[in-house]
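Letter by letter, the chains look like this.
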Amino acid sequence: MGLEENECDSVFEPQITEEHIETQYGNVHCIMTGTPRANRPVILTFHDVGLNYKTCFEGLFSHNDMYEITRHLPVCHVEAPGQHEAAKTLSTAYTYPSMDQLSEALPSVLKHFGLRSVIGVGVGAGAYILATFALNHPDLVDGLVLININPNAEGLMDSVANKITDWTHTLPDKIITHLFGKDEIQNNHDLIATYRHHITTTMNQPNVSQFLRSYNQRNSLEMERPVPGGNINARTLKCSTLLIAGDNSPAVEAVVDCNSKLNPTITTLLKMADCGGLPQVDQPAKVIEAFKYFIQGLGYLSSASMTRLRTRTSSSSSLMSTDGSRSRTHTNDLQRGRTHTLGTDEKRGRSHTDVSMESISNHNISKTTEVAC
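Procedures and definitions
- Residues numbered from 1 in each chain as written.
- Predicted model: local features only at pLDDT ≥ 70, side-chain atom pairs only at ≥ 80, totals over all residues.
- Heavy atoms only, no water.
- Buried < 20%, exposed > 50% of the residue type's maximum accessible area, 1.4 Å probe, protein only.
- Helix = DSSP H or I, 4+ residues; strand = E, 2+ residues; numbered from the N terminus.
- Pairing = 2+ DSSP bridges.
- pLDDT = per-residue confidence, 0-100.
- Contact = heavy atoms within 4.5 Å.
- Core = buried A, V, L, I, M, F, W, Y, C linked by side-chain atoms within 4.5 Å.
- Salt bridge = Lys/Arg side-chain N within 4 Å of Asp/Glu carboxyl O.
- Axes fitted to C-alpha atoms, helices over the stretch in contact; angles between N-to-C directions.
- Parallel < 35°, antiparallel > 145°, perpendicular 65-115°, else oblique.
- Left-handed = near helix turned anticlockwise from the far one by under 90°.
- Nonpolar A, V, L, I, M, F, W, Y, C, P; charged D, E, K, R; others polar.
- Polar contact = N/O pair within 3.5 Å; in protein donor to acceptor, adjacent residues only side chain to side chain.

Undergrad: Is there a simple way to think about the pairing of strand β2 (residues 26-33) in this case?
TA: Looking along a regular strand, one sees side chains alternate from face to face of the sheet. Taking burial as the measure, the eight residues of β2 include six buried ones, the bulk of the element. Sheet analysis places strand β1 (residues 16-23) next to β2, joined by eight bridges and oriented antiparallel. The residue bridging E18 from the neighbouring strand is I31, located in β2. If you look at the hairpin formed by β1 and β2, you'll find two residues sitting between the two strands.

Pasting the structure below:
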């Protein structure tokens with residue numbers, strides 16, 4: 001359902017509610033900004049390991065450009081048990097929940113606030129949790145924005161590497177290498193120092209260690225891309241999904257792999273050029289622009305003032321795709337398979353057509369697209 005234009009003229013003074021919500025897997029800390037309404041979803045966020053809602057999302061949601069979205073849609077930030085600022089050390093009798101169990105804590109959050117559906121925005125571990133939630137409760141999720149998602153369980157080599165890292169690295173070091181790529185760690189000293197300071201001074205180290213261990217022990221998300229004429233009922237995400245990764249992110253290959261397991265008619269892969277491990281921190285304006293078009297494609301944002309991003313695509317052909325059951329425009333597969341870098345495409349001498357980022361909400365580009373941010 002589109003939003004009424006006169007809603008844009010009202011004074012925007014969101015109500016902020018902060019609560020600890022009891023679930024079957026422990027208490028989760030939630031911050032609700034705005035008032036939920038029956039005719040629209042709520043944006044529900046979930047942070048990555050070593051972060052909380054402030055360090056993961058505050059820069060994004062306090063950005064001026066986000067106002068076009070948040071004055072229409074309330075936001076509920078969810079923090080995993082013991083991960084909020086100034087959290088007390090969890091009891092030794094408490095067994096930290098698995099990633100699957102954390103996803104099953106979310107229905108209690110929706111029930112507590114009386115939410116009918118959400119648009120999930122998750123980063124890293126939070127993206128995995130929201131994807132699991134959407135797989136198990138598709139009727140409660142209108143759309144997903146998944147940043148740095150890794151849908152796979154740790155392999156044997158990863159497990160061995162983590163054990164060695166446990167012996168040789170401090171917890172902040174392990175978190176930093178999880179969040180940021182090698183180039184950022186070596187060259188962006190101010191950014192790394194800021195996050196290292198946050199991890200060491202505002203987060204409860206034993207609690208973070210438990211969350212990290214839970215994430216490292218995650219299962220693979222059992223998803224399979226539906227194939228026309230083949231297994232059209234394959235288990236995969238049923239909602240429109242926007243995947244995001246910086247081209248220097250340590251998770252970029254995992255995000256591309258996740259894209260290969262999703263329905264291409266309702267999935268968009270946005271690989272951001274010259275961007276590091278946290279796109280929402282590194283380039284918030286461009287993440288917000290993509291988010292605006294994504295929400296527009298869901299039918300919940302009809303009058304946002306949009307600037308234009310530019311993409312380079314190897315095909316100018318496009319098709320309109322609509323969701324007949326909800327009368328909403330689906331987001332689209334801007335990118336199938338592996339993404340080519342701009343330099344590689346230019347070396348191959350391909351002709352490119354400049355198109356608007358609006359294709360996220362309106363078009364289904366049939367061939368590989370590289371977003372030039």
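There is more to say, and it comes next.
Undergrad: Can you help me understand the confidence of the model for the protein in this one?
TA: Predicted coordinates in areas of low pLDDT are best not read in detail. In the predicted model, the protein carries a mean pLDDT of 81, and 73% of its residues have values of at least 70. Contacts of residues 304-356 to residues separated by more than four positions or lying in other chains number 154 contacts, the stretch itself having pLDDT below 50. Contacts of residues 363-372 to residues separated by more than four positions or lying in other chains number 51 contacts, the stretch itself having pLDDT below 50.

Undergrad: Please clarify how the nonpolar core should be interpreted in this entry.
TA: Ranked by internal contacts, the top residues of the largest apolar core, which has 91 residues, are F211 and F291. In terms of residues, this core owes the most to one element, helix α4 (residues 125-136), which gives nine residues. Once residues within four sequence positions are removed from consideration, F211 is found in contact with F46, H47, D48, V49, A80, Q83, Y96, M99, L102, A125 and I129.

Undergrad: What am I meant to see in unusual backbone geometry here?
TA: For residues that are not glycine, phi is negative in most cases, and the peptide bond is trans in most cases. In this structure, A86 is a non-glycine residue whose phi angle is positive, near 65°. Secondary-structure assignment places A86 in the loop between β4 (75-79) and α3 (99-113). Note on A86: relative accessible area 68%, which makes it exposed. Phi angles above zero are rare outside glycine, and D274 is one such case at about 55°.

Undergrad: In this structure, what is going on with the pattern of salt bridges? I would like to understand it.
TA: Any two side chains of opposite charge can pair if their charged atoms end up close together. Scanning all chains against the criterion turns up four salt bridges. Across the pair E68 and R71 runs a salt bridge, and its minimum N-O distance is 3.3 Å. Ionic pairing is found between D173 and R196, a salt bridge with its closest N-O pair at 2.5 Å. Taken as a pair, D173 in helix α6 (residues 171-179) and R196 in helix α8 (residues 189-201) lie far apart in primary sequence, 23 residues in all.

Undergrad: Explain the sheet that holds strand β3 (residues 42-46) here, please?
TA: Sheet strands pair by backbone hydrogen bonding; their relative direction is either parallel or antiparallel. What the eight strands build is an open sheet, ordered β1-β2-β4-β3-β5-β6-β7-β8; its pairing is mixed. Lying at the two open borders of the sheet, with one neighbouring strand each, are β1 and β8 (267-272). On average, each strand axis in the sheet is inclined to that of its neighbour by 20°, with strand direction left out of account. Pairing of strand β5 (residues 118-123) with strand β6 (residues 141-147), which is carried by six bridges, proceeds in the parallel orientation. The residue of β6 that forms the bridge with G122 is L146.

Undergrad: Just to check I follow, could you spell out the packing of α6 against helix α9 (residues 205-216) for this structure?
TA: Helix packing for two helices is described by the angle between their axes and how far apart those axes are. With their axes 11 Å apart at the nearest point, α6 and α9 run at an angle of 45° to one another. What the angle tells us is that α6 and α9 run oblique. By crossing handedness, the relation of α6 to α9 is classed as left-handed. Residues L171, P172, K174, I175 and H178 of α6 lie in contact with α9, whose contacting residues are Q205, V208, S209, L212 and Y215. A per-class count over the contact of α6 with α9 returns six nonpolar, three polar and one charged.

Undergrad: So what exactly am I meant to see when it comes to helix α1 (residues 53-61) here?
TA: Residues that lie three or four places apart on an α-helix share one face, since the helix turns once every 3.6 residues. Those residues of α1 lying buried are Y53, T55, C56, F57, L60 and F61. N-cap assignment for α1: the residue whose side-chain oxygen lies 3.0 Å from the backbone N of K54 is N52.

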